[in-house]
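Listed below are the residues making up each chain.
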Amino acid sequence: MQVIIIGGGASGLMAAITAARNGRQVTLLERQARVGRKLLATGNGRCNLTNQNMGLPYYHGQAPDFARPALEALDLDATLDFFHSLGLLTTAEDNGRVYPYSDQAGSVLDVLRFAADAAGVMTRTGFEVTGLKRGKKGFLVSSAEETLPADRVIVCCGGMAGGKLGGTRSGYELLQALGHSVTKLYPALVQIKTDNTYVKALKGVRANADLRLCRGQAAVAASRGEVQFTEFGVSGPAVFELSRATATEKGPLTLRMDLLPQLSLSDVEALLCQRIASMGELTTENLLAGMLHNRLGRTILRYAGYGLTDSIAVLTSNDLQRVAKAIKHFSLPVIGTLGFDGAQVTAGGIRTAEFDSRTLQSRLVPGLYAAGEVLDIDGDCGGYNLQWAWSSGYLAGQLKV
């Protein structure tokens, strides 16, 4: 049986290895000059390949339960066993995120390439698929230069996220040409753009915070963790967790930050009172020194409506309460997200109702399978999207009917 896999990313490599190990003749087609380019960029180049805290609540789409059979077919333990069998050493952080021990995404890609070669996968790079049709006995997969026959096809083209690294609409278009439909697409795991009145002075500053994405007074999403301020808004893991809701929820939205989440409002007020009592000679510029990053502290004071040159000794209890509230409720009007080029994942995709979740075979076109980001399944930040890629690639690569 001749199997063609379109797309040499995480799901495509896993599907190719699985199918070849099961005795299929496998050709892996990748339009770029090398396979796994987006994989090299994941986890800031470290490749967060899975998470010890695995479960369906971390997945999204019109029908998140669609992911269950794949996640059970290749679960967390089986995934780690697979990579360990390839010689990859891994390590887990306290938050459950699993990385290669080398801290390099290249290590993950290398062992996958070696495994594909060892299994007999024929990899062809620079092959951009422009057409996918049903033939008399199977499928015809075409580029501008040639057409290849296949008995089975697995579409693993990924999504629109990360256009500079190879994100494309091609997977959607190939499947739509065979009768499939696509949901609305949104960027996810992406930086959030906000009003930059205050953030433009904070470019590069990092902080740990509790975040709430609010419409009016109601929170539509929440997260906790590291925030990185940028010239256009905010980034970082905690922000990525809110980006899907930012892209999909109706506005206007506000991002509210608690910059000292380990302390109550009264605790913060008490600290400020203590500081005035012990260091009354300081100016307001230094009121929050030692509590927050210096630039962030000065920005919070401006946000609360204070200058930076007055003596802190003149601040009243009402003033300190105002500053404490600014620390605990630093709010930024949301403009949107940075878009698909800056996104790590696409939310939305080919409608999962058109595929059998137990096999990932098309319900419309027998012999056609799909895996990974091209389908309407996306995960939270923290290794969940790569786990979906491994699991769905593995299930599709079994070519069950």
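Residues numbered from 1 in each chain as written. Predicted model: local features only at pLDDT ≥ 70, side-chain atom pairs only at ≥ 80, totals over all residues. Heavy atoms only, no water.

I would appreciate a short explanation of the state of the cysteines in the present structure.
Each disulfide consists of one covalent bond between the sulfur atoms belonging to two cysteines. With the rule as written, the count across this model stands at zero disulfides. The structure places no disulfide on C156, whose sulfur is separated from the nearest cysteine sulfur, that of C157, by 7.5 Å. Looking at C156, the relative accessible area reads 4%, which means it is buried. (Disulfide = S-S within 2.5 Å. Buried < 20%, exposed > 50% of the residue type's maximum accessible area, 1.4 Å probe, protein only.)

Quick question: what am I supposed to make of the pattern of salt bridges here?
A side chain with one charge can pair with a side chain of the opposite charge if their charged atoms come near. Counted according to the given criterion, the structure contains 13 salt bridges. Here E226 ties to R206 by a salt bridge, and the two come within 2.7 Å at their closest N and O atoms. Residue E226 is located in strand β15 (residues 218-229), and its partner R206 is located in strand β14 (residues 206-215); the two are separated by 20 residues in the primary sequence. Overall, the relative accessible area of 29% leaves E226 in the partly exposed class. The closest approach of N and O atoms between K328 and D258, which form a salt bridge, is 2.8 Å. (Salt bridge = Lys/Arg side-chain N within 4 Å of Asp/Glu carboxyl O. Helix = DSSP H or I, 4+ residues; strand = E, 2+ residues; numbered from the N terminus.)

Would you mind going over unusual backbone geometry with me for this structure?
Residues other than glycine predominantly adopt negative phi, and peptide bonds predominantly adopt the trans conformation. Residues G251 and P252 are joined by a peptide bond in cis, for which omega reads 0 degrees. Relative to the elements of secondary structure, P252 occurs in the loop between α7 (237-248) and β17 (254-258). Despite not being glycine, L399 shows a phi value in the positive range, around 55 degrees. Locating L399 in the fold gives a position in the segment after α11 (384-397). A residue is classified by how much of its surface remains accessible, and L399, at 6% relative accessible area, is buried.

Just to check I follow, could you spell out the sheet that holds strand β7 (residues 122-125) for this structure?
Here we have five strands laid out as an open sheet, ordered β7-β2-β1-β11-β20, and parallel in their pairing. Taken across any chain shown, the strands that pair with only one partner, and hence form the sheet edges, are β7 and β20 (368-370). Sheet twist, expressed as the average angle between the axes of neighbouring strands with direction ignored, equals 20 degrees. Sheet topology note: the strand β2 (residues 25-30)/β7 ladder contains four bridges and is parallel. Its bridge partner lying in β7, L29 is registered against R124. The sheet strands contacting helix α1 (residues 10-21) are β1 (2-6), β2 and β11 (152-155), and the helix crosses β2 at an angle near 165 degrees. (Pairing = 2+ DSSP bridges. Axes fitted to C-alpha atoms, helices over the stretch in contact; angles between N-to-C directions. Contact = heavy atoms within 4.5 Å.)

For this particular structure, what's the right way to read the environment of T91?
With respect to the helices and strands, the residue T91 is situated in strand β5 (residues 90-92). The spatial distance from the C-alpha of T91 to the C-alpha of V3 is 34 Å, given a sequence separation of 88 residues. Those residues in contact with T91, other than ones at most four positions away along the chain, are R97, V98, Y99, P100 and Y101.

Honestly, the nonpolar core in this entry has me stumped. Any pointers?
General note: in soluble globular proteins, nonpolar side chains tend to be found buried as a group. Grouped together as the largest cluster of nonpolar side chains are 80 residues, with contacts concentrated most on I6, F83, L112, L132 and W390. Broken down by element, the residue count for this core peaks at eight residues, all from α1. If we ignore the near neighbours within four places in the chain, the residues touching L132 are I6, F139, L140, V141, V153, V155, L174, L178 and L368. Counting residues in each nonpolar core, the second largest holds 44 residues, with A207, L253, L255 and L259 among its members. (Core = buried A, V, L, I, M, F, W, Y, C linked by side-chain atoms within 4.5 Å.)

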